[in-house]
Amino acid sequence: MEQQLPAGRRPRLVSSLGLGQRCCEVTLDQERGLLAWRHPRRGGENYFVPTSEIIAVEETELNKKQRNTGKWQKLAKPHAFTVYYVKKARNHRWWCRDVTFWCGDENLCNQWTQALKELLEMQKCRPKQLLVYINPYGGKRQGKKIYEQKVAPLFSLASISTDVVITEHANHAKDNLFEVNINKYDGVVCVGGDGMFSEVMHGLIGRMQKDSGIDQNNPKAPLVQCNIRIGIIPAGSTDCVCYSTVGISDPVTSALHIIVGDSQPLDVSSVHHNNTFLKYSVSLLGYGFYGDILKDSEKKRWMGPMRYDYSGFKTFLSHHYYEGTISFQPAKHTLGSPRDKDSCRTGCYICKESEQQLAEQQKKCGLKHEEDEEEWKVIKGKFLAINAVNMSCACPRSPKGLSPAAHLADGSADLILVRKCSRFDFLRHLVRNTNQDDQFDFSFVDVYRVKSFQFTSKLSEDNGSNVTDIGKKRFGQFCRDHPACCCNIADSTWNCDGETLDSSAIEVRVHCQLMKLFARGIEENCKDEAAYSHSSIEHLL
Ligand SMILES: CCCCCCCCCCCCC/C=C/[C@@H](O)[C@H](COP(=O)(O)O)NC(C)=O
Ligand SMILES: Nc1ncnc2c1ncn2[C@@H]1O[C@H](COP(=O)(O)OP(=O)(O)O)[C@@H](O)[C@H]1O
Ligand SMILES: [Ca+2]
């Protein structure tokens, strides 16, 4: 029955199949990987589904009710199959939709399911075996429920096998990743917030370095890329990494990006203190305002995500500023700048350029790192906030992010310095982080695109560069005992992707595309999509 075509060409299936009560023409272009049909009702709307966005195909048993209505009655034994596919809706949200086609000819029905299943088999980037970690206490404590009700059914529909670990304590996932047979898995999924993602990332990157004999304590060590992708099912408080890489924090959308096997490289910063490795960071490294919020909010975990609003308000009122020195190396290799109007989107050419540079660099010197002689710029001052972001840090609270033009995978971070200013001015800056206005357009805000930076607080400088924690504590105490001083001689804390760091003096270096996520970056909102979402609403009605 199959059409004869020249060698190497795949046939095109065109059949008239039943859809609901009526017939419609269904086409499967196997060469281009496109399934299309015209809905017999709904104004004859055309549907085009790329096979890369088909989730599963199943032979369907029609139930009694379906068989006893309309045209079904005329067929002795109708045969049917269901196609589950991604439906893109407004605001980057993805749904899983299904459509059931039927016909009287068993052979034709089999031919269709076979052809579709073969096309799905050809999607080599899709994961088959996943390791899942669930933080049952993240965000509103819904992680387990979200996974079981919204995600697990989709994974099983897509024939993905999973090993699920519900964490029992902090660092459970991280420690476990050093022990498991990692080669068994095509990816690791974390269900939780930014803190949980950070834990899983540390486990994976750490494991990779350990297996390759790389010493993480050496700040100059060239790190080994981690090719096992991480998927984030958002169930935390801020969910900034998920929102900034997918465009929405929605568990179903994220599960579908994992199923279709998306891949998004991500820059990772390493943070060191005195030749000791502290942490990796992918989103926000914040000193001053965001560090103080985090430190205060940790005591208020019982409040859930609301704790950030409470601590945010409190920290804003305290208006602490911190004295210190920032030195940084500007990122000359990247094409963009933090004041660009365009943001990083799916297929971003700036990130692609960095990927090429990275490949050339690796070819040239293998794993050896080129000694960096590039200039350092030094800035001393009094700061309300120092924020280094590897990505925009968009989240529901700040939809365009702390640095709207930052790139996911360009090998640089945006360093935002907010100098001492009045409460009113600082509030104006903060509010602009939440709306469309330019948060950098203030005389007291500077932003630089950097590939590495160092920070030392005045306090640690005064104590010699090797500041000891004892010295720090003594100063903090001194400060608390003398309320007349405005507390700015005490150090703040670094907020590293939602975890606090123990040291205020740090050395940071961006590692271009060190890891990968099951994501594709934020898709451009084109005109087609507006029409698309309109039809998807019709579809829902
Ligand atoms: C008067 C208060 C005004 C507040 C300004 C609003 C700007 C909000 C910008 C949010 C910054 C996003 C960076 C993400 C940080 C996360 O890693 C971290 C931890 O997130 P998690 O709890 O693990 O989901 N969350 C916070 C708030 O520090
Ligand atoms: N079972 C557990 N009990 C306590 N803490 C945990 C557990 N599992 C993970 N954690 C830790 O909880 C912290 C916060 O988790 P996260 O999922 O990011 O929630 P949130 O977004 O609300 O902060 C993470 O740093 C993680 O290491
Ligand atoms: Ca970046």
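Everything quoted here is computed from the prediction, not taken from an experiment.

A. Layout of the site of ligand 1. Around ligand 1, the surrounding shell holds 17 residues, and the nearest of these are Gly 195, Thr 238, Tyr 308, Asn 495 and Asp 497. Tyr 308 is positioned with one of its side-chain polar atoms (N or O) 2.6 Å from an oxygen atom of ligand 1. One of the backbone N or O atoms of Gly 498 is found 3.4 Å from an oxygen atom in ligand 1. Going through the elements one at a time, α5 (194-211) and α9 (307-318) are the ones with two or more residues in the shell around ligand 1. Its residues assigned to classes, the shell around ligand 1 shows six nonpolar, seven polar and four charged. Here the shell around ligand 1 gathers at least three residues from each of two domains, domain 2 (125-263 + 518-541) and domain 3 (268-511).

B. Seen up close, the packing of aromatic side chains. Following the criterion strictly, the structure yields 17 aromatic pairs and no others. Measuring from centroid to centroid gives 6.2 Å for Tyr 147 and Phe 155, while their planes differ by 65°, and the two rings are edge-to-face. Pair check on accessibility: Tyr 147 and Phe 155 agree, each one buried. Centre to centre, the rings of Phe 289 and Tyr 290 are 5.1 Å apart; their planes meet at 75°, and the pair counts as edge-to-face. Residue Phe 289 shares its accessibility class with Tyr 290, and that shared class is buried. The aromatic ring of Tyr 308 is capped on one face by Arg 307, whose charged end is 4.5 Å from the ring centroid.

C. Layout of the packing of helix α3 (residues 143-157) against helix α7 (residues 251-259). Close contact between α3 and α7 brings their axes to 10 Å; oriented N to C, the two are set at 30°. As the angle between them shows, α3 and α7 are arranged roughly parallel. Between α3 and α7 lies a crossing of right-handed hand. The residues of α7 that touch α3, namely those facing Ile 146, Lys 150, Val 151, Leu 154 and Phe 155, are Pro 251, Val 252, Ala 255, Leu 256, Ile 258 and Ile 259. When grouped by side-chain class, the residues that make up the contact of α3 with α7 number 10 nonpolar, no polar and one charged.

D. Looking closely at the environment of Glu 59. With respect to the element layout, Glu 59 can be found in strand β5 (residues 54-60). Sequence spacing of Glu 59 and Gly 203 is 144 residues, and the spatial spacing of their C-alpha atoms is 40 Å. Not counting residues up to four positions away in its chain, the partners in contact with Glu 59 are Ala 80, Phe 81, Thr 113 and Lys 117. In this structure the side chain of Glu 59 is engaged in a polar contact, spanning 3.4 Å, whose partner is the side chain of Lys 117.

E. Local environment of the packing of α9 against helix α11 (residues 423-434). Across the interface, α9 lies against α11 with an axial gap of 10 Å and an inter-helix angle of 145°. Every residue of α11 that contacts α9 at Phe 316, Leu 317 and Ser 318 is listed here: Arg 423, Phe 426, Leu 427 and Leu 430.

F. Main features of the side chain of His 272. Residue position: His 272 is located in strand β12 (residues 264-273). Separated by 2.7 Å, the side chain of His 272 and the backbone oxygen of Gln 216 make a polar contact. Once residues lying within four places of it in the same chain are set aside, the contact partners of His 272 are Gln 216, Asn 217, Asn 218, Pro 219, Phe 277, Leu 278, Ala 505, Ile 506 and Glu 507.

About the criteria used
Residues numbered from 1 in each chain as written. Chains lettered and ligands numbered in written order. Predicted model: local features only at pLDDT ≥ 70, side-chain atom pairs only at ≥ 80, totals over all residues. Heavy atoms only, no water. Near = heavy atom within 4 Å. Polar contact = N/O pair within 3.5 Å; in protein donor to acceptor, adjacent residues only side chain to side chain. Helix = DSSP H or I, 4+ residues; strand = E, 2+ residues; numbered from the N terminus. Nonpolar A, V, L, I, M, F, W, Y, C, P; charged D, E, K, R; others polar. Domains from an automatic or database assignment. Phe/Tyr/Trp six-rings, centres within 6.5 Å; stacked < 30°, edge-to-face > 60°. Buried < 20%, exposed > 50% of the residue type's maximum accessible area, 1.4 Å probe, protein only. Lys NZ or Arg CZ within 6 Å of the ring centre and 35° of its normal. Axes fitted to C-alpha atoms, helices over the stretch in contact; angles between N-to-C directions. Parallel < 35°, antiparallel > 145°, perpendicular 65-115°, else oblique. Left-handed = near helix turned anticlockwise from the far one by under 90°. Contact = heavy atoms within 4.5 Å.

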